[in-house]
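Residue-level structural notes
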Amino acid sequence: MTVARVKMLAGNWKMHKLNSEVEAFFAAFVQSLGLSPEQRLAGRLDLLFAVPATILAQAAKTCKPLGISVAAQNVHWEASGAYTGEISLPMLREVGVTATLIGHSERRQYFAETDATVAKKTKACLQDGVLPLVCVGETLAERDGGLVESVISRQMQSILAAVGSGAGLSDLVVAYEPVWAIGTGRTATAAQAQSVHALIRSLVTDAFGASAASALRIVYGGSANPSNIKELLAEKDIDGALVGGASLKPEEFAKMARAALAV
Ligand code: PEP
């Protein structure tokens, strides 16, 4: 059985924006989008913004009536404890956050995130009912060295081990983000992205079977913008996009959302 997958457009604000900017941003975004709340909630496109920790509560309050989800950019796997500087899943849920990025390449590169910590976080999210948006992707040196398949396979194996069975794959999103395409203006071609998305789906098929794999949403990230989004989303295994730079501009991101709805 093939499962119809709802497209997802997720913004990643990284370390940008203040609480004082939140209301104006979403007012401009919704105006540019030009859809009624009913149309936004019609289930054809999931819109989500991963925002800095200080903005989560304000963004969740502002976004709830708009039918837009708010995600954290990181989370700890324990519910509480002596983990200075960390934030837990109950803390996120308390302020209305329903999803979190896990294993973004900037966290792997600058903050010692590993496949093992990514797996623990993914497992905790699935147990807690918070949607994990788990990032994988190769560096340029790995691509040039012909290592795309082995790197993606290694990253996916630890995620799939954390998932445990194929039953909950509709509660997980994988973001394929080639590190060389993030924030560089150099997007993977639609064909390059599709081939890695197909690889990811085949790894999930090997682990849990084709029916479970068909429920998994795999989104692309790496310099996605209004000019290339349509071509990317036309590929059969690309179920949406994770967007950094272009998500900071309400009009740009609204254009991408309209393009996603038109695919
Ligand atoms: C990201 O931060 O996940 C990302 C894809 O950034 P950008 O769109 O700016 O490349």
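Reference entry: report on the structure contained in this document. (Residues numbered from 1 in each chain as written. Predicted model: local features only at pLDDT ≥ 70, side-chain atom pairs only at ≥ 80, totals over all residues. Heavy atoms only, no water.)

Regarding its fold elements, the protein presents 12 helices and 8 strands. Taking 18 Å as the expected radius of gyration for a compact globule of 263 residues, we find that the protein reaches 17 Å, a close match to that expectation. A total of 263 residues make up the protein; the buried ones form 51% of that total. Here the contacts in the protein between residues at least 6 apart in sequence split such that 72% fall between residues at least 24 apart. In the protein, 24 positive and 24 negative side-chain charges are present, and the distance between their average locations comes to 3 Å. (Helix = DSSP H or I, 4+ residues; strand = E, 2+ residues; numbered from the N terminus. Rg over C-alpha atoms; globule rule 2.2 N^0.38 Å. Buried < 20%, exposed > 50% of the residue type's maximum accessible area, 1.4 Å probe, protein only. Contact = heavy atoms within 4.5 Å. Lys, Arg positive; Asp, Glu negative; His and termini not counted. Charge placed at Lys NZ, Arg CZ, Asp CG, Glu CD.)

An order of β1-β2-β3-β4-β5-β6-β7-β8 is seen for the 8 strands of this closed barrel, with the pairing classed as parallel. Taken pair by pair, the neighbouring strands of this sheet meet at an average axis angle of 25 degrees, ignoring direction. In this sheet, strand β7 (residues 217-221) lies alongside strand β6 (residues 173-176) in parallel orientation, the contact comprising 4 bridges. Bridged to Val 174 within β7 is Ile 218. (Pairing = 2+ DSSP bridges. Axes fitted to C-alpha atoms, helices over the stretch in contact; angles between N-to-C directions.)

In terms of nonpolar packing, the biggest core is built from 72 residues, with Leu 9, Phe 26, Phe 29, Ile 152, Met 156 and Ile 200 touching the most fellow members. With residues near it in sequence (within four places) discarded, Ile 152 still touches Val 136, Gly 137, Glu 138, Tyr 176, Val 196, Leu 199, Ile 200 and Leu 203. Within the second largest apolar cluster, 14 residues are counted, among which are Leu 131, Val 173, Ala 175 and Leu 242. (Core = buried A, V, L, I, M, F, W, Y, C linked by side-chain atoms within 4.5 Å.)

Closest axis-to-axis distance for the helix α6 (residues 115-128)/helix α8 (residues 148-163) pair is 8 Å, and the angle between their directions is 30 degrees. Of the two elements, α6 crosses α8, and the hand of that crossing is right-handed. Contact residues: α6 offers Asp 115, Val 118, Ala 119, Thr 122, Lys 123 and Leu 126, while α8 offers Arg 154, Gln 155, Ser 158, Ile 159, Ala 162 and Val 163. In terms of residue class, the contact of α6 with α8 is made up of 6 nonpolar, 3 polar and 3 charged. (Left-handed = near helix turned anticlockwise from the far one by under 90°. Nonpolar A, V, L, I, M, F, W, Y, C, P; charged D, E, K, R; others polar.)

Another aspect to go through is the packing of aromatic side chains. The geometry of an aromatic ring pair comes down to the distance between the two centres and the angle between the two planes. By the definition in use, this model includes 12 aromatic pairs. Summarising the aromatic geometry, the rings of Trp 13 and Phe 25 are spaced 4.8 Å apart at their centres and angled 75 degrees between planes, so their arrangement reads as edge-to-face. Placement of the pair is Trp 13 in the loop between β1 (7-12) and α1 (19-33) and Phe 25 in helix α1, with a sequence separation of 12 residues. Its relative accessible area of 0% is what places Trp 13 among the buried residues. Where Phe 29 meets Phe 49, the ring centres are 5.6 Å apart and the plane angle is 80 degrees; that geometry is what we call edge-to-face. Residue Phe 29 is found in helix α1, and its partner Phe 49 is found in strand β2 (residues 45-50); the two are separated by 20 residues along the sequence. Of the two residues examined, Phe 29 and Phe 49, each falls in the buried class. Grouping aromatic residues by their ring pairs yields a cluster made of Trp 13, Phe 25, Phe 26, Phe 29, Phe 49 and Phe 253. For Lys 17, the ring lying beneath its charged end belongs to Trp 13, and the centroid distance is 5.4 Å. (Phe/Tyr/Trp six-rings, centres within 6.5 Å; stacked < 30°, edge-to-face > 60°. Lys NZ or Arg CZ within 6 Å of the ring centre and 35° of its normal.)

In terms of burial, strand β5 (residues 131-136) is largely enclosed, as 6 of its 6 residues are buried. Side chains of β5 alternate between two faces, with Leu 131, Leu 133 and Cys 135 and Pro 132, Val 134 and Val 136 buried alike. Note: β5 against β6, 4 bridges, orientation parallel. Note on β6: the bridge partner recorded for Cys 135 is Ala 175.

Okay, the site of the ligand next. As a matter of local geometry, the ligand sits amid 14 residues, with Lys 14, Glu 177, Gly 183, Ser 223 and Gly 244 nearest to it. In the model, an oxygen atom of the ligand is placed 2.8 Å from a nitrogen or oxygen of the Ser 223 main chain. Between the ligand and the protein, one listed contact pairs an oxygen atom with a backbone N or O atom of Gly 245 at 2.9 Å. For the ligand, whose accessible area on its own is 290 Å², the fraction buried by protein is 95%. More than half of the atoms of the ligand fall within 2 Å of the grid points belonging to the second largest pocket. (Near = heavy atom within 4 Å. Polar contact = N/O pair within 3.5 Å; in protein donor to acceptor, adjacent residues only side chain to side chain. Areas by Shrake-Rupley, 256 points an atom, 1.4 Å probe, with all protein chains shown as cover. 1 Å grid on protein atoms, 1.4 Å probe; cavity = no way out; pocket = protein on both sides within 12 Å on 5 of 7 lines; lining within 4 Å. Sits in = over half its atoms within 2 Å of the grid points.)

A separate point is the layout of surface pockets. In this structure, the largest pocket encloses a volume near 490 Å³. In terms of lining, the largest pocket is formed by 21 residues, of which the most central are Lys 14, Gln 73, Asn 74, Arg 107 and Phe 111. Of the pockets and cavities examined, the second largest pocket occupies roughly 200 Å³. Gly 183, Ser 223, Gly 244, Gly 245 and Ala 246 are the residues nearest the centre of the second largest pocket, which is lined by 19 residues in total. Here the lining of the second largest pocket is composed, by residue class, of 5 nonpolar, 11 polar and 3 charged. (Points joined across faces, edges and corners; volume = space filled by probe spheres on them.)

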